[in-house]
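Architecture and fold: a report
One letter stands for each residue in the lines below.
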Amino acid sequence: MTLGRQSICLAKPQYSVLYRHAAPMGSTAKEEMNKFWDKNVRLNRPMSPHITIYKWSVPMMMSIMHRGTGIGLTGAVSAFAMAALVLPGSYPYYLDLIHSLSIGPFLTGLAKFGIAFPLSYHTYNGIRHLCWDFGKGFKIPEVYSTGYTVIGLSVLTSVALMMI
């Protein structure tokens with residue numbers, strides 16, 4: 001018997017340590033799922049609603065945006081880091097290349113805002129989440145007011161950074 005087959009065969013005594021403390025399965029996942037749905041039908045419970053029936057709110061949108069900006073920032077930083085490692089040339093070379101494109105002040109400002117807004121939004125909303133971790137700001141009016149504050153500060157910071 002090959003080493004691969006020996007490692008798969010758990011009936012041998014020397015491999016009993018692998019399954020000695022395992023709890024026996026009373027039923028399969030499919031059986032458990034069927035019991036769950038049968039119980040819900042028997043108790044006349046409704047199915048969970050789909051996201052399309054919910055009324056969109058500021059906290060809901062901010063949560064989605066916080067996750068999106070986090071993913072976007074992570075991807076951008078990773079892409080720039082990889083580019084810095086694998087592309088030939090140095091930073092001044094690529095900066096000169098961007099300047100030579102002559103894209104104009106409007107597109108340059110738009111690009112700056114596009115970089116600054118996700119960073120400032122994610123930072124301010126992260127601070128808001130830290131306050132929540134300390135148990136502050138959970139009342140509904142506070143959730144909305146801090147949400148609008150985060151949005152306002154993010155726009156102001158982004159515009160200020162865009163002007164640099």
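Residues numbered from 1 in each chain as written. Predicted model: local features only at pLDDT ≥ 70, side-chain atom pairs only at ≥ 80, totals over all residues. Heavy atoms only, no water.

With their axes 8 Å apart at the nearest point, helix α5 (residues 104–133) and helix α6 (residues 140–163) run at an angle of 150° to one another. Every pair of crossing elements has a handedness; the one defined by α5 and α6 is right-handed. Every residue of α6 that contacts α5 at G109, K112, F113, A116, F117, S120, Y121, Y124, N125, R128 and W132 is listed here: V143, T146, G147, V150, L153, S154, V155, T157, S158, V159, L161 and M162. Classifying every residue of the contact of α5 with α6 by side-chain character gives 13 nonpolar, 8 polar and 2 charged. (Axes fitted to C-alpha atoms, helices over the stretch in contact; angles between N-to-C directions. Helix = DSSP H or I, 4+ residues; strand = E, 2+ residues; numbered from the N terminus. Left-handed = near helix turned anticlockwise from the far one by under 90°. Contact = heavy atoms within 4.5 Å. Nonpolar A, V, L, I, M, F, W, Y, C, P; charged D, E, K, R; others polar.)

Take the packing of aromatic side chains next. What the rule picks out here adds up to 6 aromatic pairs. Ring centres of F113 and F117 lie 5.8 Å apart, and the angle between their planes is 15°; this geometry places the pair in the stacked category. On the criterion of helical spacing, the pair formed by F113 and F117 is a turn pair, its members being 4 residues apart in helix α5. What makes F113 partly exposed here is its relative accessible area of 25%. Owing to a relative accessible area of 19%, F117 belongs among the buried residues under this scheme. With 6.0 Å between their ring centres and 25° between their planes, W132 and F138 make a pair best called stacked. For F138, a relative accessible area of 52% puts it in the exposed group. Taken together, the ring pairs in this structure connect F113, F117 and Y121 into an aromatic cluster. (Phe/Tyr/Trp six-rings, centres within 6.5 Å; stacked < 30°, edge-to-face > 60°. Buried < 20%, exposed > 50% of the residue type's maximum accessible area, 1.4 Å probe, protein only.)

Membership of the largest hydrophobic core is limited to 5 residues, which are V58, M62, F117, Y121 and V150. Elements with a contribution of two residues or more to this core: α3 (58–86) and α5. Filtering out sequence-adjacent residues up to four positions away, F117 remains in contact with M65, S154, V155 and S158. (Core = buried A, V, L, I, M, F, W, Y, C linked by side-chain atoms within 4.5 Å.)

Let's shift gears to the UniProt feature "transmembrane region" (unreviewed entry) in the chain. Taken from the UniProt record, the annotation "transmembrane region" (unreviewed entry) applies to residues 70–91, 103–122 and 143–163. Measuring from the first to the last C-alpha atom of residues 70–91 gives 25 Å, for a span that is 82% helix and 0% strand. (UniProt positions renumbered as here; feature names shortened; annotations may be inferred.)

Attention now moves to a nonpolar patch on the surface. A grouping of I51, I53, Y54, W56, M61 and I64 is seen on the molecular surface, where their side chains present a nonpolar patch of about 610 Å² in accessible area. Position of I53 among the secondary structure elements: in the loop between α2 (29–42) and α3. According to the relative accessible area criterion, I53 is exposed, its value standing at 60%. (Patch = residues over 30% accessible without salt bridge, like charges linked within 9 Å, V, L, I, M, F, W, Y side chains within 5 Å. Areas by Shrake-Rupley, 256 points an atom, 1.4 Å probe, with all protein chains shown as cover. Salt bridge = Lys/Arg side-chain N within 4 Å of Asp/Glu carboxyl O.)

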